[in-house]
Amino acid sequence: MSDTNGIKAYGDTRTKLRERQILEHQELARRIALSIASRTPSRVDAADLISAGMMGLIRAVDLYDPSRGVPFEPFAAPYIRGAIMDHLRAQDPVPYSTRRKIRKLEKTSADLQRTLKRTPTEGELADAMQETELDVAKLMTQALSVPMFAGDELPQHFDEAVGGSPHPDALSRLESEQLRNVLVGLLQ
């Protein structure tokens, strides 16, 4: 009977330690979530991101092993950010593969524009991307109709989620705006 009581006491102690660690570090989850929320469209609810961050924190608490000598916050931060990113991706109405193709189109177009010193044609884009002109035209149409969502730029600026600038740099925004103008020009 005493073994059962000892196991129960250990379980109770472990549960209390877990709860205490979650409560002690909830501000870390909140801080990361609010940092990411500051760079998302207004339709993204910061409270939802905080909740997702708390789920990441709980996972980190459950997996943390202090005997490894790693401080808790640096260990937990990637779990928190990852849970938030997973939440954002789940809310994104556009498939990841489509976003990846659009980013490839944007990069190819920007590279060609720098090289050619003019707006590339659909044929030039198709050749550079090793796609048909029809596929490029469809992708350009998708690029213009796809709603901008937080998942577009967060991975590129992932390290800024804690402590860095909450806004993409001006050059990135300018390049993105220029690319949209190029795509609109090609479609007209």
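Residues numbered from 1 in each chain as written. Predicted model: local features only at pLDDT ≥ 70, side-chain atom pairs only at ≥ 80, totals over all residues. Heavy atoms only, no water.

### Some details on the overall build of the chain
- Within the chain, the secondary structure is distributed over seven helices and zero strands.
- Listed N to C, the secondary structure of the chain is α-α-α-α-α-α-α in terms of helices and strands.
- Among the 188 residues that make up the chain, the fraction classed as buried is 34%.
- Sequence-distant contacts, at least 24 apart, represent 69% of the contacts inside the chain between residues at least 6 apart.
- If you sum the accessible surface of the chain, you get close to 11,600 Å²; carbon and sulfur atoms cover 54% of it. (Helix = DSSP H or I, 4+ residues; strand = E, 2+ residues; numbered from the N terminus. Buried < 20%, exposed > 50% of the residue type's maximum accessible area, 1.4 Å probe, protein only. Contact = heavy atoms within 4.5 Å. Areas by Shrake-Rupley, 256 points an atom, 1.4 Å probe, with all protein chains shown as cover.)

### Overview of the side chain of His25
- Its place among the elements puts His25 in helix H1 (residues 2-37).
- A polar contact is formed between the side chain of His25 and the backbone oxygen of Gln21, at a distance of 3.0 Å. (Polar contact = N/O pair within 3.5 Å; in protein donor to acceptor, adjacent residues only side chain to side chain.)

### Quick look at the pattern of salt bridges
- Inspection of the entire model under this criterion finds eight salt bridges.
- Residue Arg118 is joined to Glu124 by a salt bridge in which the shortest nitrogen-to-oxygen separation is 2.6 Å.
- A relative accessible area of 38% means that Arg118 is categorised as partly exposed.
- Overall, the relative accessible area of 23% leaves Glu124 in the partly exposed class.
- Connected through shared salt-bridge partners, Lys107, Asp111 and Arg114 make up one network. (Salt bridge = Lys/Arg side-chain N within 4 Å of Asp/Glu carboxyl O.)

### Looking at helix H2 (residues 46-63)
- Taking 1.5 Å of rise per residue, 18 residues should cover 26 Å, and H2 covers 26 Å from first to last C-alpha, within 8% of that figure.
- Regarding H2, the residues found buried are Leu49, Ile50, Ala52, Gly53, Met54, Gly56, Leu57, Ala60 and Val61.
- A side-chain oxygen of the first residue of H2 lies 3.2 Å from the backbone nitrogen of Ala47; this N-cap is Asp45. (Expected span 1.5 Å × (residues − 1).)

### Side note on the nonpolar core
- The biggest cluster of nonpolar side chains holds 23 residues, and the ones touching the most others in it are Leu49, Leu57, Ile80 and Ile84.
- Looking at this core, the elements with two or more residues in it are H1, H2 and helix H3 (72-91).
- Beyond its immediate stretch of four places on either side in the chain, Leu49 contacts Ala33, Ile36, Ala37, Val44, Ile84, His87 and Leu88.
- Grouped together as the second largest cluster of nonpolar side chains are ten residues, Leu112, Leu125, Met129 and Met140 included. (Core = buried A, V, L, I, M, F, W, Y, C linked by side-chain atoms within 4.5 Å.)

### Digging into the environment of Met85
- With respect to the helices and strands, the residue Met85 is situated in helix H3.
- The exposure class of Met85 is buried, given its relative accessible area of 3%.
- For Met85 and Gly53, which are 32 residues apart along the polypeptide, the C-alpha to C-alpha distance reads 9.2 Å.

### A look at the packing of H2 against H3
- For the pair H2 and H3, interaxial distance at closest approach is 7 Å and the crossing angle is 135 degrees. The pairing of H2 with H3 is recorded here as oblique in orientation. When the axes of H2 and H3 are compared, the crossing they make is right-handed. Where H2 abuts H3, its residues Asp48, Leu49, Ala52, Gly53, Gly56, Leu57, Arg59, Ala60, Val61 and Leu63 lie against Phe72, Phe75, Ala76, Tyr79, Ile80, Ala83, Ile84, His87 and Leu88. (Axes fitted to C-alpha atoms, helices over the stretch in contact; angles between N-to-C directions. Parallel < 35°, antiparallel > 145°, perpendicular 65-115°, else oblique. Left-handed = near helix turned anticlockwise from the far one by under 90°.)

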